[in-house]
Amino acid sequence: MKETIGFIGLGIMGKPMATNLLKAGYPLVAHNRSRAPVKELVALGAQEAFSPQEVASRSDVIITMLPDTPDVELVALGEGGIIEGIRPGSVYIDMSTISPVATRRIAEEFRKKGAEMLDAPVSGGQVGAINATLSIMVGGKEEVFRRCLPIFQAMGKNIVYIGESGAGQVTKACNQIIVAITIGAVSEALLLAERAGVDPARVREALLGGFAQSRILDLHGKRILERNFAPGFKARLQLKDLRIALETGEATGAPLPLTNLVHEQFSTLVAKGDGELDHSALFKLYEEAK
Ligand code: NAP
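Quick caveat: nothing in here was measured; it's all calculated off a predicted structure.

1. Concerning the domain arrangement of the chain
- Split by domain assignment, the chain resolves into domain 1 (5-165) and domain 2 (170-288).
- The C-alpha centroid of domain 2 is placed 29 Å from the C-alpha centroid of domain 1.
- In this complex, domain 1 contributes 13 residues to the contact, which on the side of domain 2 involves 11 residues.
- Taking both sides of the interface into account, the surface hidden between domain 1 and domain 2 amounts to around 960 Å²; carbon and sulfur atoms contribute 63%.
- For the pair domain 1 and domain 2, the interface holds 1 salt bridge.

Take a look at the structure:
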């Protein structure tokens, strides 16, 4: 008999992830702030719930996929939150991208209730969520990770146990540092090619065969050449993730000079009203600079 899973946060990522759990045969209790995605999942066989507390009281494993740290704090620890319904022996898995420091604090509260928490942020975007090919990076107790592995396998492919509570979120912050700085590097290189009178499409093609090859040069390089900045991963979420990386750096004494710079640039991009564009729109900022 498969464990019953509660799923809270049915947005771009959460809805397809929950759908894949249903497809894998897990009984699923679904909740979301707006109700339309809950109804869609009920049509696929899920049960409906009306608060995080209710989800927790009816589930063995509770998953959240919410935008930011304050959302997770509210849903996990707030009034009518998961903590008020969770049973001893249950597991709470947060798959959102949030602060590692807040994650450790939340995990501690669940431990006091006899429950365990894993942080399991993901990479791979909406396509990875739909195709169940997400990369999942997991922090928390290893034996709890092993118990939950079949659940992760229903949503992802590259599933890596990293270490203690918060380690998954630290890994995701590292991921977002590399992504954002590489977008900056690809933007600068393609702009230089253009301004130097060299065909940037041929530059990209040549570089894709060498040491500078990357998925960002490939996929976002193409977006930049086509000036196609429809999201994808929104610039305002990239800014949120860089803020988390900087806060983590500050808390641990790690200097992050390039992250500071690219964070400032994403702040400017979002302040200009481009936060809903794809994060590759950073190129626009460089292109428009004097
Ligand atoms: P999203 O589309 O904004 O979805 C968030 C969902 O959470 C929405 O359905 C929202 O409901 C719900 N929600 C918010 N507050 C709630 C509350 N208090 N109670 C119940 N439900 C609540 O965001 P997303 O793109 O799926 O991203 C989720 C997380 O995954 C973020 O941390 C993001 O950084 C991370 N992530 C995203 C991507 C990506 O490509 N999108 C890739 C990797 C990781 P409403 O319908 O009422 O707004």
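2. Thoughts on the environment of threonine 103
- Tracing the backbone shows threonine 103 in helix α5 (residues 100-112).
- A relative accessible area of 0% places threonine 103 in the buried class.
- For the pair threonine 103 and glycine 139, spaced 36 residues apart in sequence, the C-alpha separation works out to 9.7 Å.
- If we skip the residues at most four places from it in the chain, threonine 103 touches Ile98, Met117, Asp119, Ser165, Gly166 and Gln169.

3. What to know about the packing of helix α8 (residues 167-195) against helix α10 (residues 215-226)
- In the contact formed by α8 and α10, the axes pass within 10 Å of each other and the chain directions differ by 55°. Our classification of the angle between α8 and α10 gives oblique. As for the relative orientation of α8 and α10, their crossing is right-handed in sense. Residue-level contacts link Val179, Thr182, Ile183, Val186, Ser187 and Leu190 of α8 to Ile216, Leu217, His220, Gly221 and Ile224 of α10.
- In terms of residue class, the contact of α8 with α10 is built from 7 nonpolar, 4 polar and no charged.

4. Side note on the pairing of strand β8 (residues 134-139)
- With 5 of its 6 residues buried, β8 lies for the most part within the structure.
- Relative to β8, strand β7 (residues 122-123) is paired through 2 bridges, and the arrangement is antiparallel. Residue pairing for β8: serine 123 is matched across the bridge by serine 135.
- Bridge analysis of β8 against strand β9 (residues 156-163) gives 6 bridges, and the strand direction is parallel.

5. Looking at the nonpolar core
- Core analysis: the biggest nonpolar cluster contains 35 residues, and Met95 and Phe152 have the highest contact counts within it.
- Among the elements that take part in this core, helix α7 (residues 142-153) stands out by supplying 5 residues, more than any other.
- Setting aside chain neighbours within four positions, we find phenylalanine 152 in contact with Ile93, Met95, Leu118, Ala120, Ile136, Val138, Phe145 and Ile159.
- With 21 residues, the next largest nonpolar core counts Val186, Leu191, Ile224 and Tyr286 among its residues.

6. What to know about the site of the ligand
- If you check the shell around the ligand, you find 22 residues, and the closest are Met13, Asn32, Ser34, Pro67 and Lys240.
- Between the ligand and methionine 13 there is a distance of 2.9 Å, counted from an oxygen atom to a backbone nitrogen or oxygen.
- Within the complex, the protein chains bury 85% of what would otherwise be the 910 Å² of accessible surface of the ligand.
- For the shell around the ligand, the elements supplying multiple residues, two or more each, are α4 (69-77) and α6 (125-131).
- Among the residues forming the shell around the ligand, the class breakdown is 11 nonpolar, 8 polar and 3 charged.
- Built from parts of two domains, the shell around the ligand gets at least three residues from each of domain 1 (5-165) and domain 2 (170-288).

7. Comments concerning the side chain of aspartate 94
- Note on placement: aspartate 94 falls in strand β5 (residues 91-94).
- Buried charge without a salt bridge: aspartate 94, with lysine 240 as the nearest opposite-charge side chain at an N-O distance of 9.0 Å.
- Of note is the side chain of aspartate 94, whose polar atom sits 2.7 Å from the side chain of threonine 64.
- Setting aside residues up to four positions removed in sequence, aspartate 94 forms contacts with Thr64, Val72, Met117, Leu118, Asp119, Ala120, Pro121 and Gln169.

8. Observations regarding the packing of helix α1 (residues 14-23) against helix α2 (residues 36-43)
- Contact pair α1 / α2: the axes reach a minimum separation of 11 Å and the direction vectors enclose 20°. Put simply, α1 runs roughly parallel to α2. The two elements α1 and α2 cross, and the hand of that crossing is right-handed. Between α1 and α2, the contacting residues are Lys15, Ala18, Thr19 and Leu22 on the first element and Pro37, Glu40 and Leu41 on the second.

The rules behind the values
Residues numbered from 1 in each chain as written. Predicted model: local features only at pLDDT ≥ 70, side-chain atom pairs only at ≥ 80, totals over all residues. Heavy atoms only, no water. Domains from an automatic or database assignment. Contact = heavy atoms within 4.5 Å. Buried area = accessible area lost by both parts, 1.4 Å probe. Salt bridge = Lys/Arg side-chain N within 4 Å of Asp/Glu carboxyl O. Helix = DSSP H or I, 4+ residues; strand = E, 2+ residues; numbered from the N terminus. Buried < 20%, exposed > 50% of the residue type's maximum accessible area, 1.4 Å probe, protein only. Axes fitted to C-alpha atoms, helices over the stretch in contact; angles between N-to-C directions. Parallel < 35°, antiparallel > 145°, perpendicular 65-115°, else oblique. Left-handed = near helix turned anticlockwise from the far one by under 90°. Nonpolar A, V, L, I, M, F, W, Y, C, P; charged D, E, K, R; others polar. Pairing = 2+ DSSP bridges. Core = buried A, V, L, I, M, F, W, Y, C linked by side-chain atoms within 4.5 Å. Near = heavy atom within 4 Å. Polar contact = N/O pair within 3.5 Å; in protein donor to acceptor, adjacent residues only side chain to side chain. Areas by Shrake-Rupley, 256 points an atom, 1.4 Å probe, with all protein chains shown as cover. Lys, Arg positive; Asp, Glu negative; His and termini not counted.

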